[in-house]
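Here are the chains, one letter per residue:
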Amino acid sequence: MSNVVVLDNGGGFIKAGQGGERNPAVVIPNCLFRPLTSKKFLHPTTTFSSSPDDLTSAAIRRPIDRGYLINPDLQRDIWSHLFTSLLHVTPSSSSLLLTEPLFSLPSIQRSTDELVFEDFGFSSLVVADSPSLVHLYETSCRPCGLVSEAQCSLVVDCGFSFTQAAPVFQNITLNYGVKRIDLGGKALTNYLKELVSYRAINVMDETLLMDDVKEKLCFVSLDVERDLQFARKHGKDNLFRCTYVLPDGVTHTKGYVKDPEAAKRHLALTDGASSSEAIETKNETDQLGVMDKTAERKRVDLTKNVEFDLTNERFLVPEMIFQPADLGMNEAGLAECIVRAVNACHPYLHPVLYQSIILTGGSTLFPRFVERLEKDLRPLVPDDYQVNITTQEDPILGVWRGGSLLASSPDYELMRVTKAEYEELGSARCRRRFFR
């Protein structure tokens, strides 16, 4: 097929474009939203961070929950807008490569097939899982690397709906080794909303705003106990205190960080640094441009916008991924999840899997995520095994790029199910081709 539409249908974002291209043509939130100024739900035409609209207290409807499709009618509406107004494709003369989470229920698979073949009328379909596409893309990027030579990797996907560790061997995901944590970007945002609402101001209806706070200010702590001590300090001795200004709907339709330089002071902390060393480093950093920053703060204060301070919330929110039990959740941490996924595979694969851990998904973009994961993972791994963790060039687009490669490969013709085969054999029979 020369015209293949690659659709990474994530719980947070849809990435869509033509197969063979490097980047997707469209990246939009997989939802409908209704601002306070509108009476009906609208289709997003771009990401919310770059949208000019005032999204304060905007209501959101999502077709996917916990990674799985729960509202096919809403998904049909979103896809119709995507194919017609944004991609401008003709489904009847196009093939579709669609990503789907592992272990989808047969009823969900049937609903997806009905959308693709009966509602939109695509000529053929290929369903792929995200770990195998990430593995495919990494082997093409590093043809001489260990992942390419051994044809084996452990893909850790920290996405919007969940986090999972999936071993991949020869471009096939080993389902028996997949381990999943029901924590993703959505749960982190909800936890941040609860913390800020309890300590400062009620933001339980500000999902999009708190997404922005999380992405701009949260980071992963390398030493939680030490950082909790720093967060208790007052004034300038607190390296983590920063202020986020809420939009006023007049001069600012977006929230913003009051002092971006102060928000980066935590980067002066190194793993194992003592309290006095950190304060000395901070004082050296603060001596530069103190007068300019003071004047800038005074100018911002004159706007009288509503604002709130963040301290330990900045690192306690990402800490959920590594220590969910501290919050009363009956879930294993990410490091333990990886060890369980590796141990479920053949012992001959263990050293290779630990040396070829690939991180993907938007939640891996937190600063110091890799360092913390390696620190937690090293004590759980046998001493004679090496641990090597790599992050994708763009963790958000990595799955789509793998799908674009697959769509332009000769194997695509052998994998696809045509509309005629679907009408003759049904959904269940056709699905067997995707899971060899």
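Residues numbered from 1 in each chain as written. Predicted model: local features only at pLDDT ≥ 70, side-chain atom pairs only at ≥ 80, totals over all residues. Heavy atoms only, no water.

Trainee: Before we go on, may I ask you to explain the nonpolar core in this structure?
Mentor: As a rule of thumb, soluble globular proteins bury nonpolar side chains together. Leu 334, Ile 338, Phe 369 and Leu 373 are the most contacted members of the largest nonpolar core, which totals 51 residues. Broken down by element, this core gets its largest block of residues, 7 residues, from helix α12 (residues 334-343). For this core, the two domains that each supply at least three residues are domain 2 (141-183 + 329-391) and domain 3 (185-267 + 303-322). With residues up to four places along the chain from it excluded, the contact list for Ile 338 reads Leu 154, Val 156, Ala 165, Ile 357, Leu 373 and Leu 377. Judged by nonpolar contacts, the second largest core, of 31 residues, contains Trp 79, Leu 98, Phe 117 and Phe 434. (Core = buried A, V, L, I, M, F, W, Y, C linked by side-chain atoms within 4.5 Å. Buried < 20%, exposed > 50% of the residue type's maximum accessible area, 1.4 Å probe, protein only. Helix = DSSP H or I, 4+ residues; strand = E, 2+ residues; numbered from the N terminus. Domains from an automatic or database assignment. Contact = heavy atoms within 4.5 Å.)

Trainee: Even after reading the chapter, I still don't get the environment of Lys 254, so can you show me in this structure?
Mentor: As for its position among the elements, Lys 254 is in the loop between β14 (242-245) and β15 (256-257). Sequence-wise, Lys 254 and Asp 54 are 200 residues apart; in three dimensions their C-alpha atoms are separated by 7.0 Å. With residues near it in sequence (within four places) discarded, Lys 254 still touches Phe 48, Ser 49, Ser 51, Asp 53, Leu 55 and Pro 247. A distance of 3.1 Å separates the side chain of Lys 254 from the backbone oxygen of Phe 48, its partner in a polar contact. (Polar contact = N/O pair within 3.5 Å; in protein donor to acceptor, adjacent residues only side chain to side chain.)

Trainee: Even after reading the chapter, I still don't get helix α14 (residues 369-377), so can you show me in this structure?
Mentor: Residues lying three or four places apart along an α-helix face the same way, a consequence of the helix completing one turn every 3.6 residues. Those residues of α14 lying buried are Phe 369, Arg 372, Leu 373, Asp 376 and Leu 377. Here the buried residues of α14 occupy an arc of 125° about the axis, which is enough to place them on one side. Among the structural elements, β10 (152-158), α7 (224-231), α11 (319-322), α12, β17 (357-360) and β18 (389-391) are those in contact with the buried residues of α14. (Arc of directions from axis to C-beta.)

Trainee: I tried to follow the packing of helix α3 (residues 130-141) against helix α15 (residues 398-407) on my own but got confused; where do I start?
Mentor: Each pair of packed helices can be summarised by the angle the axes make with each other and by the distance between the axes. As a packed pair, α3 and α15 sit with axes 7 Å apart at the nearest point and diverge in direction by 75°. Between α3 and α15, the angle falls in the class roughly perpendicular. Of the residues in α15, those touching α3 at Ser 130, Leu 133, Val 134, Leu 136, Tyr 137 and Ser 140 are Gly 398, Val 399, Arg 401, Gly 402, Gly 403, Leu 405 and Leu 406. Residue composition of the contact of α3 with α15, grouped by class: 7 nonpolar, 5 polar and 1 charged. (Axes fitted to C-alpha atoms, helices over the stretch in contact; angles between N-to-C directions. Parallel < 35°, antiparallel > 145°, perpendicular 65-115°, else oblique. Nonpolar A, V, L, I, M, F, W, Y, C, P; charged D, E, K, R; others polar.)

Trainee: Any chance you could explain the pairing of β17 here in plain terms?
Mentor: Burial along β17 is two-sided: Ile 357 and Leu 359 and Ile 358 and Thr 360, pointing in opposite directions, are all buried. One ladder, built from 4 bridges, connects β10 with β17; its direction is parallel. Bridge assignment links Asp 157 to a residue of β17, and that residue is Thr 360. In this sheet, β18 lies alongside β17 in parallel orientation, the contact comprising 3 bridges. Paired with Leu 359 across the two strands is Thr 391, which belongs to β18. On the question of chirality, the crossover connecting β17 to the parallel β18 by way of α14 is right-handed. (Pairing = 2+ DSSP bridges. Right-handed = clockwise from strand over helix to strand, strands pointing away.)

Trainee: What's the story with the sheet that holds β14 in this structure? I'm lost.
Mentor: Backbone-to-backbone hydrogen bonds join strands into a sheet, with any given pair of strands oriented parallel or antiparallel. With antiparallel pairing, 3 strands are arranged side by side in an open sheet as β15-β14-β16. Unpaired on one side and paired on the other, β15 and β16 (307-310) mark the two borders of the sheet. Two elements, β14 and β15, share 2 bridges in a ladder whose sense is antiparallel. Paired with Tyr 244 across the two strands is Val 257, which belongs to β15.

Trainee: Even after reading the chapter, I still don't get the pattern of salt bridges, so can you show me in this structure?
Mentor: In a structure, side chains of opposite charge can pair up when their charged atoms sit close to one another. This model, assessed by the stated rule, comprises 21 salt bridges. Here Asp 113 ties to Arg 431 by a salt bridge, and the two come within 2.9 Å at their closest N and O atoms. Taken together, the residues Asp 113 in helix α2 (residues 106-119) and Arg 431 in helix α18 (residues 427-431) connect sequence positions 318 residues apart. Overlapping salt bridges bring together Arg 22, Glu 393 and Arg 401 as one network. (Salt bridge = Lys/Arg side-chain N within 4 Å of Asp/Glu carboxyl O.)

Trainee: Sorry, what's going on with the environment of Arg 76 here?
Mentor: Structurally, the position occupied by Arg 76 is in helix α1 (residues 72-87). Using a relative accessible area of 30% as the deciding quantity, one classes Arg 76 as partly exposed. Taking C-alpha positions, Arg 76 is 20 Å from Ala 128, a pair spaced 52 residues apart along the chain. Among residues more than four places away in sequence, those in contact with Arg 76 are Leu 115, Asp 119 and Phe 120. Separated by 3.0 Å, the side chains of Arg 76 and Asp 73 make a polar contact.

Trainee: Is there a simple way to think about the sheet that holds strand β1 (residues 4-9) in this case?
Mentor: One open sheet holds the 6 strands; their spatial order is β3-β2-β1-β8-β9-β19, and the pairing between them is mixed. Taken across any chain shown, the strands that pair with only one partner, and hence form the sheet edges, are β3 (26-29) and β19 (417-418). Judged from the 2 bridges that link them, strand β9 (residues 124-128) and β19 form a sheet pairing that is antiparallel. The partner of Leu 125 across the bridge, within β19, is Val 417.

Trainee: Would you take a moment to explain unusual backbone geometry for this structure?
Mentor: What you tend to see is this: most non-glycine residues have negative phi, and most peptide bonds are trans. Residues other than glycine seldom take positive phi values, yet Arg 66 does so here, at roughly 55°. Relative to the helices and strands, Arg 66 is located in the loop between β6 (64-65) and β7 (68-69). Unlike most non-glycine residues, Arg 368 shows phi in positive territory, near 65°. If you trace the backbone, Arg 368 turns up in the loop between β17 and α14.

Trainee: Just checking my understanding: could you explain the side chain of Arg 265 for this structure?
Mentor: Here Arg 265 shows up in the loop between β15 and α8 (275-286). There is a polar contact of 3.1 Å between the side chain of Arg 265 and the backbone oxygen of Asn 238.

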